[in-house]
Amino acid sequence: MKRPIMIYAATLIVAITSTLMCLASSPNDDLTMWYRKAATVWEEYLPLGNGRMGMTMSGGVATDHIVLNEGTMWTGGVQHTDNPEAAEWLPKIRECLLRGDNRAAEVMMYRYFTCSGGGSASPEYGSYTMFADLHIDHIGAESLNISDYRRELNLSEAVARTSYLGNDARYQREYLCSMADGVAAIHITSEVPSGYRLRLSHPVGMDVKAEGNELSIAGTLPSGSSREGVSFYGALRVASDGCVASEGNTLIINNAHDVVIYIAAATNYSDNEYRTTVSTALARCKGYDTMLKRHIEAHRELFDRVVIDLGTQPDDIATDERLERFAAGEEDAPLAALYAQYGRYLLIASAHDAVLPPNLQGIWANDIWCPWNGDMHLNINQQMNHWPLEVGNLTELIYPITRYAELLATSGEHTARHFYNAEGWCAHILANAWGFTSPSEDPSWGATNTCGAWLTLHLWEHYLYTLDSEYLRRVYPLMRGAAEFLRSILIEHPTTGYLVTAPTTSPENGFFLTDEDAARGIVTHVCLGSTMDNQIVRELFTAVIEASKVLDCDAELRDTYSALLTHIAPNRIASDGRLMEWMEEYREAEPEHRHVSHLFGLYPATQITRHTPELLEAARRTLEVRGDAGTGWSRAWKICFWARLGDGDRAHKLLVSLLEPAIADGAHRGGTYPNLFCSHPPFQIDGNFGGSAGIMEMLLQSHDGDITLLPALPAAWREGSFRGLRARGDVEVSCYWREGKVVEAWIESGHNQRVTIRTTDGRQATVKCRKGKIVKVDLL
């Protein structure tokens, strides 16, 4: 355990502030992932990013393979997805649902209520894709006797390094994606004169040129239609004390002790002057040392806001070895802190100053077509990508997803009118860089139409954490539009009289309508008012009511939603004690399904809390039956669930499961790859973000009206501290504990207000906050 980061006196506050301002030191200096050998598969490569560019590197000795990414590299384009039969058949689909013939309704939806054009299976839908491959060949490496190899990623610096001895001479490479200058850089040093060959390529053969000390690559991605696709351009420039010359489409560097490779990339997705952007960025590169300093300062301004100390990070055990030992039962509390901070690191790297929000792979891809198109799935995945944002004190990173919601709302208005004859806007599960919002090609998973509404709740959550009324004024129309759509599609349930959405699903589980269906394996998905939909409707209507009060607008609309709330189906408990997933007690097709959609009200929403003990118990029973298995992101979600239930040991058990090595005997499975990427499988980054948020949720919660310290602390974390986590109400919290009990806590608020702080051992304090002042919490 390092010296506790808890603030004991004003002098220490000054000391901590001074430390943060010093580039040479950081409270997170020990957060380093490291390895004893070069990567052999991409899931071992180490990721860097600045929100617009990303790269992953193998750290190979003879050849270092570096995959370059640019966040707007999307194939496809805007699709024509209108289905002229959809609006005509919608009343008939609802009639089937109202008389209990869900199967007939689903058959109709497959025939008449899907998007035209093939949806995500169409080349026009597109995919996120890699930018280019860069290979750095170390000329003559085959003659070197290699020893003392180390490959690492320092999270506090956002800098990766490869180092080794070759015939007793030291060789080192340093890599970064500059947060300050918008370019990537690779610094190669050697104690003896060395030679290198630089090769830039793309799997489908784009235009590569070498001239002087520069390599460039350019091309146009396929659009899937007659329209021109996204055009891209990238270039690298070499500065070296050796000799640099072009040879064909490569650069050769000879007799060099010091080499710096500057890389810039851009597309015309949102930048018509993309070639000029690249040239200008490279022209600004005046010196590596200055760039490194500016980059680390910019990164630490975000990253070092939060410190989580669960013990000293071991410096003698490689990260992949730690995963193996942890899975075998060896306790490693600091690994949880590393993983939580890695989630924050990945969010900074893939969202800072980004045009688009992080997709299913963040900003990283190693192929021309990503799994699930590398898109922005909206029935949990894109939302989970942003779970660490607010509690993790990365509030500025909300803007890419805000702009994206604005893009979806524009196309979603057309989707609402065309498919549902409804007001407002909507989005379904599929979403890409082109604003796709239509129902998908498969209603079993693509019929859920509350995804846009769920997305706007993240924008509301940002207000709850920051109390930024100007931001709320910007996003309120998005919230209101999503609510207007929901209001437009509500119909009366035939037996309960509640207002429900129709048609919909409970992502992505199905059910058997009859025992005969179960015997024959006939699974149905389409239904009236799934529990998740009811929860989203209730959450969003409540948010719009509260937002209209803050902004002093829409009083009549506020009254309308207040009245509607009394008619929305409540959370209900089934005869077996579980929370009902549908309006009827259908038999689940997969009782252990990876999605647990009907617990949206437990997390991330706020409807199942200590104030609703019966529902808490029903949620617990639901999770017991659902089990602890699942894909990587599913295990991450369950960490969050158990944290909300206050069961730290069960949450920790799920964390152990999430960190299970994902490659075993050459096969990929759910868990965590050696580079700590989450495995669905394959790689899917939402599990990283969900797991990070879950760990922070174990340490701090603020969803039920109070701030709770250590709400789900496992026995494995008996001593520790955190600093800088955020609570709702614009409050920053720090805490130090021993033997599982809070010793000291401090808060700082951006507003004058009173805040109630609780602990799980019954202590409580009401603190009077003054804007910008650190206040000690006296727990009684």
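Figured I'd write up the structure that's included with this text. Predicted model only: the values in this text are computed from it and were never measured.

As a further point, take the overall build of the chain. For the chain, the helix and strand inventory stands at 20 helices and 31 strands. Counting only C-alpha atoms and orienting by the principal axes, one finds that the chain spans roughly 80 × 70 × 55 Å. A buried classification covers 64% of the 780 residues belonging to the chain. When contacts within the chain are restricted to residue pairs at least 6 apart in sequence, long-range pairs at least 24 apart make up 68% of them. For the chain, the centre of its 68 positive side-chain charges and the centre of its 98 negative side-chain charges are spaced 4 Å apart.

With that out of the way, let us pick up the sheet that holds strand β26 (residues 720–727). One open sheet holds the five strands; their spatial order is β15-β26-β27-β28-β31, and the pairing between them is antiparallel. Edge strands, defined here as strands with exactly one partner in the open sheet, are β15 (307–309) and β31 (774–776). Sheet twist, expressed as the mean angle between neighbouring strand axes with direction ignored, is 25 degrees. The sheet contact formed by strand β28 (residues 741–749) and β31 spans three bridges and is antiparallel. Across the sheet, residue Trp746 finds its bridge partner in β31, namely Lys776.

The step from Tyr603 to Pro604 runs through a cis peptide bond, and the omega angle for that step is 15 degrees. The residue after Pro681, namely Pro682, is reached through a cis peptide bond having omega 0 degrees. The topology assignment puts Pro682 in the loop between β23 (678–679) and α20 (686–699). Not every positive phi belongs to a glycine, and Asn421 is a case in point at roughly 50 degrees. Locating Asn421 in the fold gives a position in the loop between α10 (398–420) and α11 (443–446).

Turning next to the packing of aromatic side chains. Following the criterion strictly, the structure yields 25 aromatic pairs and no others. Residues Tyr125 and Phe436 carry aromatic rings whose centres are separated by 5.2 Å and whose planes lie at 75 degrees to one another, so their mutual orientation is edge-to-face. One end of the pair, Tyr125, is in the loop between α3 (102–112) and β5 (132–139); the other, Phe436, is in the loop between α10 and α11, with 311 residues separating them in the sequence. Tyr125 gets classed as buried once you look at its relative accessible area, which sits at 0%. Using a relative accessible area of 5% as the deciding quantity, one classes Phe436 as buried. Ring centres of Trp582 and Tyr586 lie 6.0 Å apart, and the angle between their planes is 65 degrees; this geometry places the pair in the edge-to-face category. With a relative accessible area of 2%, Trp582 lands in the buried category. Residue class for Tyr586 comes out buried when judged on its relative accessible area of 18%. Here the aromatic residues Trp42, Trp364, Phe677 and Phe683 are joined through ring pairs into a cluster of three or more. We note Lys92 situated over the ring of Trp89; from NZ or CZ to the ring centre the distance is 4.1 Å.

So, about the side chain of Asp332. Along the chain, Asp332 falls in the loop between α6 (319–327) and α7 (333–351). The exposure class assigned to Asp332 is buried, which follows from its relative accessible area of 12%. A distance of 2.8 Å separates polar atoms of two side chains, one belonging to Asp332 and the other to Arg322. Asp332 has contacts with Arg322 and Phe326, leaving out every residue within four places of it along the chain.

Rules of the game
- Residues numbered from 1 in each chain as written.
- Predicted model: local features only at pLDDT ≥ 70, side-chain atom pairs only at ≥ 80, totals over all residues.
- Heavy atoms only, no water.
- Helix = DSSP H or I, 4+ residues; strand = E, 2+ residues; numbered from the N terminus.
- Buried < 20%, exposed > 50% of the residue type's maximum accessible area, 1.4 Å probe, protein only.
- Contact = heavy atoms within 4.5 Å.
- Lys, Arg positive; Asp, Glu negative; His and termini not counted.
- Charge placed at Lys NZ, Arg CZ, Asp CG, Glu CD.
- Pairing = 2+ DSSP bridges.
- Axes fitted to C-alpha atoms, helices over the stretch in contact; angles between N-to-C directions.
- Phe/Tyr/Trp six-rings, centres within 6.5 Å; stacked < 30°, edge-to-face > 60°.
- Lys NZ or Arg CZ within 6 Å of the ring centre and 35° of its normal.
- Polar contact = N/O pair within 3.5 Å; in protein donor to acceptor, adjacent residues only side chain to side chain.

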